[in-house]
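# Residue-level structural notes
These are the residues of each chain, in order.
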Amino acid sequence: QKWRPFCLRFEGVVEDFNYGTLLRLDCREDYTEENTIFATRIQFFAIEIARNREGCNSAVYGRARGPAGDAGSG
């Protein structure tokens, strides 16, 4: 109920705003049965934007870049 008014604000603005998608509860972990819930696309966007602003996805970004990604910086 709390998400519904927020989500409806994006109707006609974000394509498929209410389609379902998978969301990791803990962004530092992989998609597993225990770490995954079903959310609407706009909830996924809102949560991931907040995580990015708070730096929560930095560990995932660094892990994805790996040692090869660090060679060009410096």
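This write-up is about the structure you can find in this document. Quick caveat, the model's predicted, so the values are computed rather than measured. (Residues numbered from 1 in each chain as written. Predicted model: local features only at pLDDT ≥ 70, side-chain atom pairs only at ≥ 80, totals over all residues. Heavy atoms only, no water.)

### Considerations on helix 2 (residues 41-53)
End to end, helix 2 covers 18 Å across 13 residues, agreeing with the expected 18 Å (1.5 Å per residue, within 8%). Those residues of helix 2 that are buried are in contact with helix 1 (3-8), strand 1 (20-24) and strand 2 (36-40). Looking one or two residues beyond helix 2, the residue adopting positive phi is Gly55, at roughly 80°. (Helix = DSSP H or I, 4+ residues; strand = E, 2+ residues; numbered from the N terminus. Expected span 1.5 Å × (residues − 1). Contact = heavy atoms within 4.5 Å.)

### Things to note about the packing of aromatic side chains
Summed over all chains, the structure comprises three aromatic pairs. Ring geometry for Trp3 and Phe6: centres 5.5 Å apart, planes at 75°, overall edge-to-face. In this pair, Trp3 and Phe6 are both assigned in helix 1, three residues apart and thus about one turn of the helix distant. We classify Phe6 as partly exposed; its relative accessible area is 26%. Taken together, the aromatic side chains of Trp3, Phe6 and Phe10 make up a single cluster linked through ring pairs. (Phe/Tyr/Trp six-rings, centres within 6.5 Å; stacked < 30°, edge-to-face > 60°. Buried < 20%, exposed > 50% of the residue type's maximum accessible area, 1.4 Å probe, protein only.)

### Regarding the pattern of salt bridges
Following the criterion strictly, the structure yields three salt bridges and no others. A salt bridge links Arg51 to Glu48, with the shortest nitrogen-to-oxygen separation between them at 2.9 Å. Here the residue Arg51 and the residue Glu48 both occupy positions in helix 2, the gap between them amounting to three residues, near one helical turn. When its relative accessible area of 10% is taken as the criterion, Arg51 is described as buried. (Salt bridge = Lys/Arg side-chain N within 4 Å of Asp/Glu carboxyl O.)

### A word on unusual backbone geometry
Residue Asp16 is not a glycine yet carries a positive backbone phi of 55°. Structurally, Asp16 is set in the loop between helix 1 and strand 1. Its relative accessible area of 26% is what places Asp16 among the partly exposed residues.

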